[in-house]
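Chain by chain, the residues:
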Amino acid sequence: MIKLKINAVPVSVEEGSTILEAAQFLGFPIPTLCHVEGLSPYGACRLCVVEVGEGARSKLVSSCTYPVEEGLRVRTASARVVRARKMILELMLGSCPQSKIIQDLASAYEVRQQRFKQEYETCILCGLCARMCTEQMMAHAIGFQGRGDHRTLGTPFNIKSEKCRLCGGCIYICPACQLRCTYTQPEKAICGGCANLSPPCLEKPNFDDMMCYMSPCVACEIKKD
Amino acid sequence: MNPTSVLPIVEKYNNRRGSLISILEEIQSQYGYLPSEALQVVADRTGRSLVDIYGVATFYKAFRLKPRGKHLICTCLGTACHVRGGPSIAQEFEGQLGIKRTGETTPDKEFTLETVMCLGACALGPIVVADGHYFPNVTTSQVKTIIGRTREGLDKIEVQKDKRIFPVEVACPRCNHTLMDPDHLVDGHPSIRVTVSFGEEHGWLRLSSLYGSYTIETGSEIPMGTIAHFFCPHCHAELIGASNCMACEAPMVPMIVQGGAIVQICSRRGCRSHMLDLDATAVT
Ligand code: SF4
Ligand code: SF4
Ligand code: SF4
Ligand code: FES
Ligand code: FES
């Protein structure tokens, strides 16, 4: 068993588990997008960032792929994490403003602006469809191809695949293909209709050590250790 | 393409982990591109899924899924060449060759047009590379000439006229006996005569004495790629120095040029590497 502290709460989990699993065990919420139980962790969306380590040497890692280490100190909602998470969501909103899942996540995590050009992409390259097809449907029909901004998902040579059984698993799992939100003001990614209440302390100075992870806010019960 | 012809390549790697890129490289060096049938064979034989292999093949720029044309023209679109008009050069090539997008090949399979991000010679930009020949400071009006010259073949050298080509007289670095044969002309100049051996074969070889010409005559044809051993026909010492070819690592063959320089040629048939070393001290 590996002992670590998440938000100052000690926990021991089995070797080889991820920070995400340990945090979920304790009940700390960490948003995820490209992580789905039953599919191998991939670390594509970075939404599950947490801060590991202390002080100047702390770093942001994706909790769904980071294996627990003995004595690790993890913070799941430090100011840095919250800032990074919001930025990630804002960027995702920019590329796929019509995804209801991203809209809802952005709304739940207090993203109140969208400063990037809206691309209306239909894919955020999370890789869920390819993993679904390979790991659950055992079809190996689709996968990543190309590189950089030419990276796409598809069948080899982009022709009808003999392996695909048209099971629909890929479409079911896709956060971008699902029911599109049509918002009331198309030029803005955030229509505000789904806005949530935000914990008030987020904007305050020295919030870093308070780490609000509660939604709605339950004040800062857990202090720094 | 006959799919069975890639089997030996796949089998050679014995399904070792991490061998996929080597397999694809070998297939490409055989066909000039990666035929889809070949990828299917690789998938079947290695037990990997075709989609993974396709992912690797499309990830690396070095792999091509379509055959390349006979000539490759590459325009630089790096920052420096970009600001000096690289994109309009590329456009001009696209227009004149009738290619819609860079990376494509003309229907007659003559030209493939590609772009590159900086060749490291930015001061000469915009640069165009055609079949390995560099054209600096290209303007749109030169595009037509470049295409024309490439079509004719840029490697063709007019031995008699080209001023980069001049005659040399060479001698054996050991016995200092001249290697020139004034009675037998190659390229219209006295030839250099040496004896060569490769594998079981043994014979004579005449080289053009024009520096920069690759004309040779042999008693028995040396297969391309073979490394031959060169000998002085007078003292029978092997002509071999300490250095290896920069291009293909085969040993270089040294000969003394009258006036004190040393000329070295690569011992591999087909390799065109050679150099003239003006302040070399004699090799032992
Ligand atoms: S529909 Fe086809 S591509 Fe999609 S998960 Fe099923 S088998 Fe794979
Ligand atoms: S198609 Fe959907 S599931 Fe697949 S990578 Fe793109 S966003 Fe993810
Ligand atoms: S309220 Fe607006 S942002 Fe939310 S789902 Fe509806 S249209 Fe989309
Ligand atoms: S959920 Fe961890 S990177 Fe996407
Ligand atoms: S930008 Fe063209 S050579 Fe550097």
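About the thresholds
- Residues numbered from 1 in each chain as written.
- Chains lettered and ligands numbered in written order.
- Predicted model: local features only at pLDDT ≥ 70, side-chain atom pairs only at ≥ 80, totals over all residues.
- Heavy atoms only, no water.
- Helix = DSSP H or I, 4+ residues; strand = E, 2+ residues; numbered from the N terminus.
- Contact = heavy atoms within 4.5 Å.
- Areas by Shrake-Rupley, 256 points an atom, 1.4 Å probe, with all protein chains shown as cover.
- Pairing = 2+ DSSP bridges.
- Axes fitted to C-alpha atoms, helices over the stretch in contact; angles between N-to-C directions.
- Buried < 20%, exposed > 50% of the residue type's maximum accessible area, 1.4 Å probe, protein only.
- Left-handed = near helix turned anticlockwise from the far one by under 90°.
- Nonpolar A, V, L, I, M, F, W, Y, C, P; charged D, E, K, R; others polar.
- Buried area = accessible area lost by both parts, 1.4 Å probe.
- Salt bridge = Lys/Arg side-chain N within 4 Å of Asp/Glu carboxyl O.
- Polar contact = N/O pair within 3.5 Å; in protein donor to acceptor, adjacent residues only side chain to side chain.
- Core = buried A, V, L, I, M, F, W, Y, C linked by side-chain atoms within 4.5 Å.
- Near = heavy atom within 4 Å.
- pLDDT = per-residue confidence, 0-100.

Visitor: Now, about the overall build of chain A: what can you tell me, with residues and values included?
Guide: Within chain A one finds five helices and seven strands. The N-to-C order of helical and strand elements in chain A reads β-β-α-β-β-β-α-α-α-β-β-α. For chain A, restricting intrachain contacts to residue pairs at least 6 apart in sequence, the fraction spanning at least 24 positions comes to 59%. Summing over all exposed atoms, chain A offers an accessible surface of approximately 12,300 Å²; the carbon and sulfur share of this is 56%.

Visitor: Tell me about the sheet that holds strand 5 (residues 73-75) of chain A, and name the residues and values.
Guide: All names here are of chain A. The sheet built from five strands is open, its strands ordered 2-1-5-3-4 with mixed pairing. Each edge of the open sheet carries a strand with a single partner, namely strand 2 (9-13) and strand 4 (59-62). Strand-to-strand twist in this sheet, taken as the mean axis angle between neighbours without regard to direction, amounts to 35 degrees.

Visitor: Residues and numbers for helix 4 (residues 50-59) of chain B, please.
Guide: Where helix 4 of chain B is concerned, the buried positions are Leu50, Val51, Ile53, Tyr54, Gly55 and Ala57 of chain B. Turning to helix 4 of chain B, the residues buried within the fold contact strand 6 (143-145) and strand 7 (152-154) of chain A together with helix 2 (20-31) and helix 3 (36-46) of chain B.

Visitor: Give me the packing of helix 2 of chain B against helix 3 of chain B: which residues, what numbers.
Guide: All names here are of chain B. Contact geometry for helix 2 and helix 3: axes closest at 11 Å, N-to-C directions at 145 degrees. Helix-helix and strand crossings are classified by hand; for helix 2 and helix 3 the assignment is right-handed. Contact residues: Leu20, Ile23, Leu24 and Ile27 in helix 2; Ala38, Leu39, Val42 and Thr46 in helix 3. Looking at the contact of helix 2 with helix 3, its residues break down into seven nonpolar, one polar and no charged.

Visitor: Please provide a residue-by-residue account of the interface of chain B and chain A, values included.
Guide: Many descriptions give the size of an interface as the accessible area lost when the pieces come together. Each partner contributes residues to the interface: chain B has 11 residues there, and chain A has 15 residues. When the two sides are added together, the surface that chain B and chain A hide from each other amounts to roughly 1,000 Å², 68% of it contributed by carbon and sulfur. Three residues, Val51, Tyr54 and Phe59 of chain B, lead the burial of chain B against chain A; their summed loss comes to 57% of the area buried on that side. If you look at where chain B meets chain A, you find zero salt bridges. Counting the contacts that link chain B with chain A gives two residue pairs in polar contact (both at pLDDT 80 or more). Contributing elements (two or more residues each) for the side of chain B that touches chain A: helix 3 and helix 4 of chain B. The biggest single contributor to the side of chain B that touches chain A is helix 4 of chain B, with six residues. Here the residues of the side of chain B that touches chain A sort into six nonpolar, four polar and one charged.

Visitor: A description of the environment of Leu97 of chain B should follow, citing residues and the corresponding values.
Guide: All names here are of chain B. Within the secondary structure layout, Leu97 lies in helix 6 (residues 86-97). Since its relative accessible area comes to 12%, Leu97 is described here as buried. Residues Leu97 and Glu110, spaced 13 residues apart in sequence, show a C-alpha to C-alpha distance of 9.6 Å. The residues touching Leu97, leaving out its near neighbours within four places in the chain, are Thr106, Phe111, Leu113 and Ile147.

Visitor: Can you break down the nonpolar core residue by residue, with the values?
Guide: Grouped together as the largest cluster of nonpolar side chains are 29 residues, with contacts concentrated most on Leu33, Cys45, Leu47, Met92, Ile102, Ile124 and Ile173 of chain A. Among the elements of the structure, helix 2 (79-95), helix 3 (100-108) and helix 4 (128-136) of chain A are those that each provide at least two residues to this core. It is helix 2 of chain A that contributes the most residues to this core, six residues altogether. If near-sequence neighbours (up to four positions away) are discounted, Ile102 of chain A is found in contact with Leu33, Leu89, Met92, Leu93, Cys96 and Ile124 of chain A. Listed in part, the 23 residues of the second largest apolar core include Val168, Val196, Ala228 and Val257 of chain B.

Visitor: Go over the site of ligand 1, please, and point to the residues and values.
Guide: Surrounding ligand 1, one finds Cys133, Met137, Ala139, Ala141, Ile142, Cys164, Arg165, Leu166, Cys167, Gly168 and Cys170 of chain A. In the shell around ligand 1, the residues fall into nine nonpolar, one polar and one charged.

Visitor: Account for the environment of Val6 of chain B, naming residues and giving values.
Guide: All names here are of chain B. Tracing the backbone shows Val6 in the segment before helix 1 (7-12). C-alpha separation for the pair Val6 and Ile27, spaced 21 residues apart in sequence, amounts to 6.8 Å. The residues touching Val6, leaving out its near neighbours within four places in the chain, are Met1, Ile27, Tyr31, Ala38 and Val41.

Visitor: Outline the confidence of the model for chain B, listing residues and values.
Guide: In this model, chain B carries an average pLDDT of 86, and 95% of its residues clear a pLDDT of 70 or more. Two summary scores accompany this predicted model of the complex, namely pTM at 0.64 and ipTM at 0.71.

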